[in-house]
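# Observations on chain architecture
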Amino acid sequence: MSDTEHIDAANRRFYAAFESLDVAQMETAWLREGHISCVHPGWAPLFGWGPVMQSWQQLFAHTLMMRFTLSNVNIHVSGDVAWVQLTETIESQHGQGSGAGVIQATNIFERRGDTWYLVHHHGSPIVHPEEGEASRLQ
């Protein structure tokens with residue numbers, strides 16, 4: 001398997017853990033180190049194993065179901081670090097009902113031995129620009 005294929009598998013492992021709503025499974029996707037970080041949409045940045053894992057516990061405790069469709073996946077590997085930029089289309093169910101959204105995400109991985117682990121996840125909601133704004137950006 002190439003490094004790119006390994007990163008694709010590690011990224012899919014992260015989203016499978018996300019969909020499982022199981023903190024123990026999520027823990028296996030992350031490097032257990034103090035330098036990990038996470039930015040959930042609308043949240044302040046979280047740094048370190050404890051705060052990052054507590055955030056997943058909090059998210060999972062209030063979620064009944066979560067499903068991702070991943071698109072625009074772009075993988076880049078540089079030595080023992082790799083990053084994935086992608087679009088997440090999310091469907092979820094929680095105590096207040098159901099929801100859907102589109103998030104632009106960046107996932108950074110670090111290789112330890114033969115295994116790639118997540119060290120940073122950043123998700124930002126995609127705000128669709130008005131027609132006039134989109135044409136100015138082209």
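Refer to the structure printed above.
Overview of the structure. These numbers come from a predicted model, not from an experiment.

What follows is about the overall build of the chain. What the chain contains, in helices and strands, is four helices and six strands. Walking the chain from its N terminus toward its C terminus, one meets helices and strands in the order α-α-β-β-α-β-β-β-β-α. A compact globule built from 138 residues should have a C-alpha radius of gyration of about 14 Å, and the chain, at 16 Å, falls within 12% of that. Buried residues in the chain amount to 35% of all 138 residues. Long-range contacts, defined here as pairs at least 24 residues apart, represent 49% of the contacts in the chain between residues at least 6 apart. Roughly 7,800 Å² of accessible area belongs to the chain as shown, and the carbon and sulfur atoms make up 51% of that amount. Each charge class in the chain was averaged separately, 7 positive and 15 negative side chains, and the resulting centres sit 4 Å apart.

Take the layout of surface pockets next. Volume-wise, the largest pocket comes out at about 390 Å³. The wall of the largest pocket is formed by 20 residues, among which Phe18, Pro41, Leu59, Met66 and Ile90 lie closest to the centre. Breaking the lining of the largest pocket down by element, the ones donating at least two residues are helix H3 (49-61), strand E3 (63-78), strand E4 (81-94), strand E5 (97-112) and strand E6 (115-125). Its residues placed into classes, the lining of the largest pocket shows nine nonpolar, 10 polar and one charged.

Parameters and conventions
Residues numbered from 1 in each chain as written. Predicted model: local features only at pLDDT ≥ 70, side-chain atom pairs only at ≥ 80, totals over all residues. Heavy atoms only, no water. Helix = DSSP H or I, 4+ residues; strand = E, 2+ residues; numbered from the N terminus. Rg over C-alpha atoms; globule rule 2.2 N^0.38 Å. Buried < 20%, exposed > 50% of the residue type's maximum accessible area, 1.4 Å probe, protein only. Contact = heavy atoms within 4.5 Å. Areas by Shrake-Rupley, 256 points an atom, 1.4 Å probe, with all protein chains shown as cover. Lys, Arg positive; Asp, Glu negative; His and termini not counted. Charge placed at Lys NZ, Arg CZ, Asp CG, Glu CD. 1 Å grid on protein atoms, 1.4 Å probe; cavity = no way out; pocket = protein on both sides within 12 Å on 5 of 7 lines; lining within 4 Å. Points joined across faces, edges and corners; volume = space filled by probe spheres on them. Nonpolar A, V, L, I, M, F, W, Y, C, P; charged D, E, K, R; others polar.

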